[in-house]
Amino acid sequence: VQLQASGGGLVQAGGSLKLSCSDSGSTFSSYTIGWFRQAPGKEREFAAAISWGSGGTQYRDSVKGRFTISRDNTKNTVYLQMDSPKPEDTAVYYCAAKRFSTAQVLAMGVRPDYWGQGTLVTVSS
């Protein structure tokens, strides 16, 4: 698994931005994918995750109702739609994968098996 995160950039508060996490392998559909983020001077934290199979989702409370995670297994891609972002959402966003797991497991802090490189999201006020 080689995860590639993209789509970061500068966005105004209240705008929208869509991140993508892609993989070129053939087993992508068997992985639960999570988005994590790390703000300057802070520890990395869970943001959202989507399960393999059922497609069940989990979000951290501060992004519920604003962020939407989805996946398209035909394109080996998971998306994170960020609507109405806030300056406190500014961070490097990483996608990560854990095989045959669930979104709840990643939300609980279990370490993923694979990490992608990060993509920087800056939200201006």
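Refer to the preceding data block for the structure.
First, a word on scope: everything that follows refers to the structure included in this document. In this convention, every chain numbers its residues from 1, walking through the sequence in written order. For this predicted model, a pLDDT threshold of at least 70 governs which residues receive local features, and a threshold of 80 or more governs which side-chain atom pairs are given and counted, while totals over whole chains, interfaces and linings are taken from all residues. The basis for every side-chain value is the complete set of heavy atoms in the structure, and neither hydrogens nor water enter the calculation.

This paragraph deals with the pairing of strand E3 (residues 16-23). Pairing geometry for strand E1 (residues 3-6) and E3, over four bridges, is antiparallel. Bridged to Leu3 within E3 is Asp23. Bridge count for E3 against strand E8 (residues 77-83) is seven bridges, and the pairing is antiparallel. Bridge assignment links Leu17 to a residue of E8, and that residue is Met82. If DSSP finds at least two bridges between two strands, the strands pair. Under the DSSP-based scheme used, a helix requires at least four consecutive residues in state H or I and a strand at least two consecutive residues in state E, with every element numbered from the N terminus.

The next point concerns the nonpolar core. Residues Ile33, Trp35, Leu80 and Tyr93 are the most contacted members of the largest nonpolar core, which totals 27 residues. Breaking this core down by element, the ones donating at least two residues are E1, E3, strand E4 (31-38), strand E5 (45-50), strand E7 (67-72), E8, strand E9 (91-99) and strand E11 (119-124). Beyond its immediate chain neighbours, meaning those up to four positions away, Tyr93 contacts Leu19, Trp35, Phe36, Arg37, Phe67, Leu80, Met82, Gln117, Gly118, Thr119 and Val121. The criterion is simple. A nonpolar core is a set of buried Ala, Val, Leu, Ile, Met, Phe, Trp, Tyr and Cys residues joined through side-chain atoms within 4.5 Å. The rule is simple: take the accessible area with a 1.4 Å probe, protein chains only, and divide by the maximum for that residue type; under 20% is buried, over 50% is exposed, in between is partly exposed. Phe36, Phe46, Ala103 and Leu106 belong to the second-largest nonpolar core, a separate cluster that totals six residues. We call two residues contacting when some pair of their heavy atoms lies within 4.5 Å.

Moving on: the packing of aromatic side chains. The rule is short: rings of Phe, Tyr and Trp, with Trp giving its six-membered ring, pair when the centres are within 6.5 Å, and they are stacked under 30 degrees, edge-to-face over 60, tilted in between. Within the structure shown, the criterion is met by four aromatic pairs. Ring pairing ties together the aromatic residues Phe36, Phe46 and Trp115, which thus form one cluster. By definition here, charges over rings are those cases where NZ of Lys or CZ of Arg is within 6 Å of the ring centre and within 35 degrees of the ring normal. Just above the ring of Tyr94 sits the side chain of Arg44; from NZ or CZ to the centre is 5.1 Å. Geometry around Trp115 places Arg44 over its ring, the cationic atom sitting 3.8 Å from the centre.

Here the focus is the state of the cysteines. Disulfide: a pair of cysteine sulfur atoms within 2.5 Å of each other. Overall, the coordinates contain one disulfide when judged by the stated rule. The disulfide partner of Cys21 is Cys95, and the gap between their sulfur atoms is 2.2 Å. On the sign convention where negative means left-handed, the S-S torsion of about 75° between Cys21 and Cys95 marks this disulfide as right-handed. One end of the pair, Cys21, is in strand E3; the other, Cys95, is in strand E9, and 74 residues separate them in sequence. We classify Cys21 as buried; its relative accessible area is 0%.

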